[in-house]
Amino acid sequence: MSDQLAPPPREATQPGVPQRMRMRMREKLILRVVSKALVPFILLFALYVQFHGDFGPGGGFQAGVLFAAGLILYGLIFGLSDLQAVIPLRVVEVGVALGVLIYGGVGVAALFLGRGREGMGNFLDYNALGHHVGEFGVDAHGQHLGILLVELGVGVTVSAGMLGIFYMFAGRGLKRGQE
Amino acid sequence: MNTVLVLILFGLLLATAVVIARLTDLFAAAMLTGIFSLLSAGLFTLMDAVDVAFTEAAVGAGISTILIIGTLSMTSRREDQQPLRLLPFVVVVLTGAVLVAGTLDMPAYGDPEAPVHQHALYQGYLDSAARDFDHIPNVVTVILASFRSYDTFGETTVVFAAAVGVFLLLGGRRRRQGTRLSQLDTAPSRSPDDARPGAGEES
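Read on for a plain summary of the structure. (Residues numbered from 1 in each chain as written. Chains lettered and ligands numbered in written order. Predicted model: local features only at pLDDT ≥ 70, side-chain atom pairs only at ≥ 80, totals over all residues.)

### Comments concerning the overall build of chain A
Argument step 1. When helices and strands are tallied, chain A shows five helices and zero strands.
Argument step 2. Counted from the first residue to the last, chain A has its helices and strands arranged as α-α-α-α-α.
Argument step 3. Within chain A, the proportion of its 179 residues that are buried is 44%.
Argument step 4. The long-range share in chain A, meaning contacts at least 24 apart out of those at least 6 apart in sequence, stands at 54%. (Helix = DSSP H or I, 4+ residues; strand = E, 2+ residues; numbered from the N terminus. Buried ≥ 20, exposed ≤ 12 C-beta atoms within 10 Å, placed from the backbone. Contact = placed C-beta atoms within 7 Å.)

### What to know about the overall build of chain B
Argument step 1. Of the regular secondary structure elements, chain B holds 11 helices and zero strands.
Argument step 2. The helix and strand sequence of chain B, counted from the amino end, reads α-α-α-α-α-α-α-α-α-α-α.
Argument step 3. For chain B, the residues scored as buried account for 18% of the 203 residues in total.
Argument step 4. Expressed as a percentage of contacts within chain B between residues at least 6 apart in sequence, the contacts between residues at least 24 apart total 45%.

### Overview of the nonpolar core
Argument step 1. Ranked by internal contacts, the top residues of the largest apolar core, which has 61 residues, are V65, A68, I72, L163 and F166 of chain A.
Argument step 2. Secondary-structure elements contributing two or more residues to this core are helix 1 (29–51), helix 2 (60–78), helix 3 (80–86), helix 4 (89–113) and helix 5 (140–178) of chain A together with helix 3 (50–72), helix 7 (139–147) and helix 8 (149–171) of chain B.
Argument step 3. Per-element tally for this core: the top contributor is helix 5 of chain A, with 15 residues.
Argument step 4. Not counting residues within four places of it along the chain, the set of residues in contact with I72 of chain A comprises L163 and F166 of chain A together with I66 of chain B. (Core = buried A, V, L, I, M, F, W, Y, C linked by C-beta atoms within 7 Å.)

### Observations regarding the interface of chain B and chain A
Argument step 1. With 49 residues of chain B at the contact, the number on the chain A side is 54 residues.
Argument step 2. Counting only elements with at least two residues in the side of chain B that touches chain A, the list comes to helix 3, helix 6 (120–132), helix 7 and helix 8 of chain B.
Argument step 3. At 15 residues, the largest contribution of residues to the side of chain B that touches chain A is made by helix 8 of chain B.
Argument step 4. Its residues placed into classes, the side of chain B that touches chain A shows 26 nonpolar, 17 polar and six charged. (Nonpolar A, V, L, I, M, F, W, Y, C, P; charged D, E, K, R; others polar.)

### With respect to the packing of helix 2 (residues 26–46) of chain B against helix 3 of chain B
Residue and element names in this part refer to chain B.
Argument step 1. Contact pair helix 2 / helix 3: the axes reach a minimum separation of 7 Å and the direction vectors enclose 175°. Classified by the angle their axes make, helix 2 and helix 3 are roughly antiparallel. Where helix 2 approaches helix 3, its residues L26, F27, A30, T33, G34, S37, L38, S40, A41, F44 and T45 are matched on the opposing element by V50, V52, A53, E56, A57, G60, A61, T65, I68, I69 and L72.
Argument step 2. In terms of residue class, the contact of helix 2 with helix 3 is built from 14 nonpolar, seven polar and one charged. (Axes fitted to C-alpha atoms, helices over the stretch in contact; angles between N-to-C directions. Parallel < 35°, antiparallel > 145°, perpendicular 65-115°, else oblique.)

The following block contains the structure:
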């Protein structure tokens, strides 16, 4: 367990290191129990914000940040290595790019599915994703599907990005703690 | 009731800001910045800007506090005491005065005659959102993800670029042997202390 986010207690005597942060948080009963109870609900709420963003406040960005925050809470209490066992760095790296690709992919799909003047649609024109254009030139189902998909792309990129930044910061502190 | 809540939140915001500026304990200051964000989120909620409040609470109070504390673990916990210098103080007070003077010209909160509500584009967006997007009640989502999806695509790319930048700067893994960077890393240094990443920030 020496590979935890919070290094062993001998670090506590080092100058310039916040003493409280150097204690092993996993050993604190209240933190452990409360965080274990909270994390699933934070993640569930993030998914709710993600897929309910067209009805209530929130959307991909907020959902992504919430999802990352829930996982980071787990990492803070149980250690970086435990968190990386759930979500390896490789997944985070792929996720950051995947979200942008989903977003861009919706745009390209609209480009090819659309039937404009020259046989091609417009980039990110969600009307092309539907089947029936309404009387005002807007396809309700296409727009809904497009918004849902691009929000998903935003959510994936933001959550992976936030988590990755946390990995980098925490990993740096870890390297120092071991030396 | 609403006004009383707004005044209380503003008072707490002001008090938090003054305390952050005066504290030399950086750990406490980091926690207080989180509280500052939470208070502003409450204020945004009272002003009916729930989407903004949501983002402020998640990013300001959540992620950025964690990142500040993460940075703090690599540096000193206390700020060096600095004597009050006159020139920076005057510059800060003047900038603040200019900002306050700027707000005096702004339309009152919720004023229907405000220029932003008179613009043709605003009416066009709201009319279309109410008429064509009645199955998506959140106008903010409609504007961000559909009307202005190019902008949101750009923002997502910015998040992507920022994350990749941090990976490149702080990641430092999977460097191939024989490249210049890895030679720099393994080069013998003057003392073991120098080889430690971030040793310079401490001294």
